[in-house]
Every structure is written in structure tokens, then in C-alpha cells.
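# Observations on chain architecture
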Amino acid sequence: MGTHDAQALQPVTLVRPARPAPGRWSVEAVQALLDLPFDDLLFQAQTVHRQHWPARDIELATLLSVKTGGCPENCGYCPQSAEFDTGVKAQKLMSVDEVRHAAQAAKDAGATRFCMGAAWRAPKDRDIEKVAELVRTVKDLGLQSCATLGMLQKHQAVALRDAGLDYYNHNLDTAPEYYRDIVDTRSYQDRLDTLAHVRAAGISVCCGGIVGMGEAPVHRAGLIAQLANLDPYPESVPINSLVRVPGTPLADAPPIDPLDFVRVIAVARITMPTARVRLSAGRQQLGEPVQALCFLAGANSIFYGDKLLVTGNPDADADRQLLHKLGYATRQVSIEQGEHA
């Protein structure tokens, strides 16, 4: 081997922004990760992923809203808001028998987790009583339970825990400084308070956000920093690419560059190594090559089925074909979910 060849094959030293003491991620440190060369970022993300998760293991999760539409919030991305004319009709909460039937069907199909979601701003105590009954129904079938119901008070989180609830989904959506551009019917602190109530009650947290809502790159860094600095960070982190629904204020938002979306997945994996990073809404518009890059970047869960609440999703056959082509194994988990995850 000549001198020139030896020089060409010298190892590359990666620049790895350190997590600042005393263990919190600054927005600047997260932004430094997002700004890494693409191959260096994916190499680091995959390295972290394999230190904490089996390679090529993808969790399959199925979503269903158990109470759709009529939400009084004005989240600019959401077709279930009563303020926007999106063609979504409000529906009442499903009955115990309907939920039992759906949960049994999910279990028969190999499900281990079942999540119920309702398009409420904040449930009333009588709503919590009804959902608690649904949780007990799901638990009686031997399934893990999950719910997403909007903002919770302390005693409501305790009531859900006492009913057997295992997981609660409540997304931060975006960075604090961009939040008011998306919704002004509740504050960012409202969301953080709900997450604190869930944690205090001993319920595991599912919490992520949405990119492609017109935010700047620094807002994406701010979202990841907020999530990673939760103590502890969420067990599940759904990352959504905005689905632009006609009738919503964000219907004409410019789409995020697909490679920038992959970067967000990678940085979520690096900053939250033991979380399930869930490749969530917007997969239909990403296509197979970008989804494959997301898996390489550390995503190890997808929402599975031909519909996500009221928006489209790749059909199950297409997902099975993609995962087969990639040589991935799957764990089937059914999450019948209702809040934007």
C-alpha cells in the first residue's frame, strides 16, 4: 500500500458535542448535533441506538380515537378542533362493550398495549370515571393500557393510575418560544404541569412533538432539549411530521426537508437513548427511502395501520413489505390512541 493510500484510510475523528453538566441539554448543544455532517450524525445515532436497543427491532403500534372531534382547543395542526372546518364530525366516547371488543381483537392480533384517546381539552371528573372503567376493561384482558385525554389534574392522574393505567400520552408539540404561534388556548406550562402530574402518579410518559409547522431549526432544537431535560425523559417519544390538513391554519405550511426530519429523529435518539423513538404522523409523505433513514437514525417504533386518527398512513401491507425488505424484526403493540401522536 502506497503512502497516499495509507493517508486516505486514516480514521475520522467525530465531533461529539458533550452533554453539559449537571446533565441538562442546552439548546445550543442540541443544535450542534443537528448541524453535524449527515453521515457523522447518523453514525453517532446508530451507535447510541445499538448500545441500548436490539438492532433491527421495530415496535408496531396501532392508533384509534375513542372520542373524535369537537375539541375546543385551537391547535393549528389539528383537524379535530371545533374551530376549524375540516369535515371531522364530533363523536361521543365509545362504550365499554365497544372498547372491550376492540381490545380483544387487538390482543388476538398479538397486541400487548392498548391506548385510548379522546379529543378533550381537559376531561371532567365524570369523564375520568368513564375512562377508568375502560382502563380496567383493558387490564382485565391482560393488556398494557395507555391513554391520551388532554390536560389532567393531580387527582385525575391518580384515579387513572389506580384504575391500572400504564402510559399517558401528552405532547409538547414544539419549543416554548414557538408554542404561541401554534396554539393560544392553553399555555406551555399547562402541558408541563400535566406531565408532572402523570409522573407524580407513577404513570409512564409518552411525549413528543411535531416538526414542519413553519418553525425555525432552533425551535426543533428547543423541542428536543425540552423533552430530553424532562426528569426523567419520556419512555416514548413520538416525532411527527406535520400532515397538512385542509381547513387548518397550517394547511399551507412549507413541508420540512425530509433529511432535516431524519436529523430530528437522530438527535432524539442521541439525547434520549433508552426512549422508544416513534416514527409517527407523516410517514405517508416520507416514502420508503426516508423511512429507512429514520430507522438508521434510531427510530424503533412506527404507528401501524392505514389511518392515524383522521389522517392517512401507509397501509399495513406496505409497512410489512418495507420492513421485510430492510430485514427488520417487529414487535406488534396495539395503541388505540387519540391525541396527535
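Report follows, based on the coordinates. (Residues numbered from 1 in each chain as written. Predicted model: local features only at pLDDT ≥ 70, side-chain atom pairs only at ≥ 80, totals over all residues. Heavy atoms only, no water.)

### A closer look at the overall build of the protein chain
- The helix and strand inventory of the protein chain stands at 12 helices and 13 strands.
- Within the span of the protein chain, comprising 341 residues, buried residues form 55% of the whole.
- If you take every contact in the protein chain between residues at least 6 apart in sequence, the share linking residues at least 24 apart comes to 76%. (Helix = DSSP H or I, 4+ residues; strand = E, 2+ residues; numbered from the N terminus. Buried < 20%, exposed > 50% of the residue type's maximum accessible area, 1.4 Å probe, protein only. Contact = heavy atoms within 4.5 Å.)

### A closer look at the packing of helix α9 (residues 258-271) against helix α11 (residues 288-296)
- Two elements in contact, α9 and α11, have axes whose closest approach is 8 Å; the angle formed by their N-to-C orientations is 20°. Put simply, α9 runs roughly parallel to α11. Where α9 crosses over α11, the two elements pack in a sense that is right-handed. Counting all contacts with α9, which are made through P258, L259, F261, V262 and I265, the residues of α11 involved are V290, L293 and C294. (Axes fitted to C-alpha atoms, helices over the stretch in contact; angles between N-to-C directions. Parallel < 35°, antiparallel > 145°, perpendicular 65-115°, else oblique. Left-handed = near helix turned anticlockwise from the far one by under 90°.)

### Some details on the pairing of strand β9 (residues 276-279)
- The two faces of β9 match: R276 and R278 on one face and V277 and L279 on the other face are all buried.
- Note on the crossover from strand β8 (residues 236-241) through α9 to β9: the handedness is right-handed.
- Alignment of β9 against strand β10 (residues 301-303), held across two bridges, turns out to be parallel. The partner of L279 across the bridge, within β10, is I302. (Right-handed = clockwise from strand over helix to strand, strands pointing away. Pairing = 2+ DSSP bridges.)

### Details of helix α2 (residues 27-34)
- All of the buried residues along α2 are A29, V30, Q31, L33 and L34.
- Where the residues of α2 are buried, they touch α3 (38-52), α8 (217-228) and α9.

### As for the environment of A55
- Tracing the backbone through its elements, the reader meets A55 in the loop between α3 and β1 (57-62).
- Taking the C-alpha atoms as reference points, A55 and A329, 274 residues apart in sequence, are found 8.9 Å from one another.

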